[in-house]
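Listed here are the chains, written in short residue letters.
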Amino acid sequence: MDYFIVVALEMVRAVAWLVLLSAGLAIIFGMMRVINFAHGEFLMLGGYTVVTSTHAGVNEAVAILILAPLSVGLFGIIVERLVIRRLYGRILDSLLATWGLSMLMIGGVTLIFGNTVEGIASPFGGMAIGAYQVPIYNFVLIGFAALVLFGVWVVLKFTRAGLIARATMQNPAMAEALGVRTSWVYMATFGIGSGVTGLAGGLIAPVTGVVPTMGVNFVGQAFITVITGGAAVITGTLSSATLLGTISQATTFLAGPVYGDAALLLVALVLLRLLPQGITGRIFKRSL
Amino acid sequence: MTTINRRLFIKSTGAAAALSLAAPLVARAAADPIKVGGLHDLSGALDSIGIPMNQVFQMAIKEINDAGGLLGRPVEGVIYDPQSNMSLYSQYATQMAVKDRVAVVMGGITSASRETIRPIFHRFKTLYFYNTQYEGGVCDRNEITLGTTPAQTVRRVIPYAMNLFGKRVYTIAADYNYGHITSAWVKRFVEENGGEVIETEFFPLDVSQFGSTISKIQAAKPDFVLSAMVGTSHLGFYRQWAGAGMKSQIPIVSTVFGAGPEQVILTPEEGNGILSCFGYYEAVDNPTNTAFLARVKAAYPDNTPTISEISEVTYEGMMIWADAVREAGSIEREALWEVMESGKTYDLPAGKVSIDPKTHHAIRDVYIAELQDQVFQIKEAFPQSQPEDTQMVCDLVADPEANKHYEISL
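Computed from a predicted model, the values in this text were never measured in an experiment.

1. Side note on the overall build of chain B
- Counting its regular elements, chain B contains 15 helices and 16 strands.
- Taking 22 Å as the expected radius of gyration for a compact globule of 410 residues, we find that chain B reaches 22 Å, a close match to that expectation.
- The C-alpha extent of chain B, read off along each of the three principal axes, is 80 × 45 × 45 Å.
- Within chain B, the proportion of its 410 residues that are buried is 52%.

2. Thoughts on the interface of chain A and chain B
- On the side of chain B, 32 residues touch chain A, which itself brings 29 residues to the contact.
- Sorting the residues of the side of chain A that touches chain B by element identifies helix H1 (2–32), strand S2 (132–135), helix H8 (182–208), helix H10 (233–255) and helix H11 (257–274) of chain A as the ones contributing at least two each.
- Ranked by residue count, the leading element in the side of chain A that touches chain B is H1(A), at 5 residues.
- Taken together, the residues of the side of chain A that touches chain B break down into 14 nonpolar, 13 polar and 2 charged.

3. What to know about the domain arrangement of chain B
All names here are of chain B.
- With domains assigned, chain B is organised as domain 1 (30–148 + 283–365 + 385–405) and domain 2 (154–254).
- Of note, the centres of domain 1 and domain 2, computed from C-alpha atoms alone, are 31 Å apart.
- On the side of domain 2, 6 residues touch domain 1, which itself brings 4 residues to the contact.
- The class makeup of the residues in the side of domain 1 that touches domain 2 is 2 nonpolar, 1 polar and 1 charged.

4. Here's the deal with the packing of helix H3 (residues 60–82) of chain A against H8(A)
Residues and elements named next belong to chain A.
- Relative to each other, H3 and H8 sit at 140°, their axes nearing to 6 Å. Taken as axis vectors, H3 and H8 run oblique relative to one another. Here H3 and H8 pass one another in a crossing that is right-handed.
- Its residues assigned to classes, the contact of H3 with H8 shows 15 nonpolar, 11 polar and 2 charged.

5. As for the pairing of strand S8 (residues 196–203) of chain B
Residues and elements named next belong to chain B.
- Direction of pairing for strand S7 (residues 168–174) relative to S8: parallel, over a ladder of 7 bridges. What sits directly across from Thr-171, in S8, is Thr-200.
- In this region the chain leaves S7, passes through helix H7 (residues 177–192) and returns to the parallel neighbour S8; the handedness of that crossover is right-handed.

6. Focus on the nonpolar core
- One finds A:Val19 and A:Leu20 to be the most contacted residues of the largest nonpolar core, which totals 198 residues.
- Counting residues per element, this core draws most heavily on H1(A), which supplies 19 residues.
- Residues from two domains meet in this core; each of domain 1 (30–148 + 283–365 + 385–405) and domain 2 (154–254) of chain B gives at least three.
- The residues touching A:Val19, leaving out its near neighbours within four places in the chain, are A:Ala145, A:Val148, A:Leu149, A:Thr237, A:Leu238 and A:Ala241.

7. Things to note about unusual backbone geometry
All names here are of chain B.
- Its identity is not glycine, yet Ser-84 carries a phi of approximately 55°, on the positive side.
- Residue position: Ser-84 is located in the loop between strand S2 (75–80) and helix H4 (86–100).
- You will see that Arg-101, though not glycine, has its phi angle at about 50°, which is positive.
- Considering the arrangement of structural elements, one finds Arg-101 in the loop between H4 and strand S3 (104–107).

8. Structural notes on the packing of helix H5 (residues 137–158) of chain A against H10(A)
All names here are of chain A.
- H10 packs onto H5 with a crossing angle of 160° between their chain directions and a minimal axis gap of 9 Å. Viewed along their axes, H5 and H10 adopt a mutual orientation that is roughly antiparallel. Here the hand of the crossing between H5 and H10 comes out left-handed. Contacts between H5 and H10 involve Leu-149, Val-152 and Trp-153 on the former and, on the latter, Val-233, Ile-234, Thr-237 and Leu-238.
- Tallied by class, residues from the contact of H5 with H10 come to 6 nonpolar, 1 polar and no charged.

9. A look at helix H9 (residues 235–243) of chain B
Residues and elements named next belong to chain B.
- Counting buried positions along H9 yields 9 of 9 residues, so the element is predominantly enclosed.
- What H9 keeps buried is the set Leu-235, Gly-236, Phe-237, Tyr-238, Arg-239, Gln-240, Trp-241, Ala-242 and Gly-243.
- In the stretch just after H9, Gly-245 is the one whose phi turns positive, near 75°.

10. A look at the sheet that holds S3(B)
Residues and elements named next belong to chain B.
- The strand order S2-S1-S3-S4-S6 describes an open sheet built from 5 strands, whose pairing is parallel. Unpaired on one side and paired on the other, S2 and strand S6 (143–145) mark the two borders of the sheet. Here the strands of the sheet are splayed against their neighbours by 25° on average, with no regard to which way each runs.
- Examined bridge by bridge, strand S4 (residues 127–130) and S6 share 3 bridges and lie parallel to one another. Directly across from Phe-129, in S6, lies its bridge partner Ile-144.
- Helix-sheet contacts for H4 involve strand S1 (34–39), S2 and S3, and the interaxial angle to S1 is about 175°.
- Contacting S1, S3, S4 and S6, helix H5 (residues 111–123) crosses the sheet at an angle of about 160° to S4.

11. Points about the environment of A:Gly108
Residue and element names in this part refer to chain A.
- Relative to the elements of secondary structure, Gly-108 occurs in helix H4 (residues 91–113).
- By C-beta crowding, Gly-108 is classed as partly exposed, having 13 other C-beta atoms within 10 Å.
- Put simply, Gly-108 and Pro-212 are 104 residues apart on the chain and 8.8 Å apart in space, counted from C-alpha to C-alpha.

Cut-offs and rules
- Residues numbered from 1 in each chain as written.
- Chains lettered and ligands numbered in written order.
- Predicted model: local features only at pLDDT ≥ 70, side-chain atom pairs only at ≥ 80, totals over all residues.
- Helix = DSSP H or I, 4+ residues; strand = E, 2+ residues; numbered from the N terminus.
- Rg over C-alpha atoms; globule rule 2.2 N^0.38 Å.
- Buried ≥ 20, exposed ≤ 12 C-beta atoms within 10 Å, placed from the backbone.
- Contact = placed C-beta atoms within 7 Å.
- Nonpolar A, V, L, I, M, F, W, Y, C, P; charged D, E, K, R; others polar.
- Domains from an automatic or database assignment.
- Axes fitted to C-alpha atoms, helices over the stretch in contact; angles between N-to-C directions.
- Parallel < 35°, antiparallel > 145°, perpendicular 65-115°, else oblique.
- Left-handed = near helix turned anticlockwise from the far one by under 90°.
- Pairing = 2+ DSSP bridges.
- Right-handed = clockwise from strand over helix to strand, strands pointing away.
- Core = buried A, V, L, I, M, F, W, Y, C linked by C-beta atoms within 7 Å.

Structure, rendered in structure tokens:
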């Protein structure tokens, strides 16, 4: 019995992991149709913010919850002003530019911190479920994944800023005509997406440690989740993360991590063959 | 004391005669440095291992030059950075052998990189030292292999851990030839000691999430976990293991932890208690080692490398080569082989080392150590361990032309 609870918990954690990895990317891709190839490096930057500020004596929670999203969010705004802004509507060009940016970031961080793993201890320790030990930090990850999705939903659905954002995404010309400065909306959206990515990077840091090249390990999973989910930020991310996370994790338990990764790719492949616009391109069409 | 005999007399007067005749030529040759190649990953995924090796390599060159060089010539390092990239390894190896015409090469870290460059040096007859602990089985007279192999390390640490913890072992290993061959050795030594490997799991090098594995290990309830996990992503296992509070419940033994600077990357809470087995630790207690560590510190006061087997053995390689050059009075590899195969014992920081003429592998002391507060404490020493795994398949005395990496079948 306790084994099943542990397995189920591990599946939920895998889903939360995918949600965290891809939420920032989903906001940027879903709302602005910009493919941020440097997404993995934004995560890395969040991780480094946490590790360096913790080593400098900052409280871990402050570093993860405030400093990481803030610094990566600001960095995102700078990137948007300097690069992304000039490339709206040119998907391939923005992909190339952000790819270049990702290499630049890896190189820059390597220059400053060196190409070695740094880390902080995983907070909270473990707790017993029946005969098993699970990390309490898993619940933190699950909690924040839920919080991020809920937060985005509330903002988009119930606030004036969310309304303006949605209007801009649906019909920028009309929004402009109604007095919305769309370029600011884009900037803010990119900044918030980056901030969420920074938060995710900060939350990941204690689990894996940080290294300049860590982005490549995550960017694949993040992209697969977002593309499989389709255009709707919340429903898309949640549905594809749930599907991919549970299937890959169940396979991992049965057959090992190699097959778990393979299962994730296989499911994504089949889904995209059947639903080329992603899950929310066909089902839950009108959702957020 | 040297007594002057006929042979020495002829040699020295002959040399003096030759010297006076060929003075201009010799004067130029004396200024001509002996080139030695260093091929270590200074960037890319393995740079945390390659950089200390290269630092020690350069320190060894400086020490040789400060002592007057070799054969009256200074030694010059030719250093390339293969960037953890196999095509660069083969390119630079060829360049060293053909263009730079180095006398000897130290380098290669993973077995993949070694098998890329070893045939190149074999073909161009460039003497090659491989200084990494590895899975065993290289049979090539051109390669001097000084690092430890499973018969020296795994066979020691398994019974030690089984005595301490119990007989049921859960193996987790990296998914490439090192992990597969090492876990086969683990299974063999566990069974020889009356134990049982209840599960062996392999992980690609980019896996960084180990939650499901940690639950599976708990379900299997082994007496200890044997880890042959490699690289930065796999370090996540130790973190997540500690994060789940498993550290106090099931001990970890590793065949590879501490080859790089893993022990200083993990926090003490995450690393304390991990057992490992290598041919060298900084804690090795002898005057040669104390002096060696002091020289490392003096050479690199700001960025002092953490010395593990792999970098100490790089120093051994340089010193053994330099000794052979002095004794043979030549840099020709045939002459050097004769010296090294003579069964000489070298007094090095790791202890006494000699070279097995049949396999060109090292006969050396190995140590079992436990990590405490980011420093390995030596628990037990096994003097003069033979490379018995490679000896099973390789005899260079009978077949000096051999040129093969055997995957020792178990």
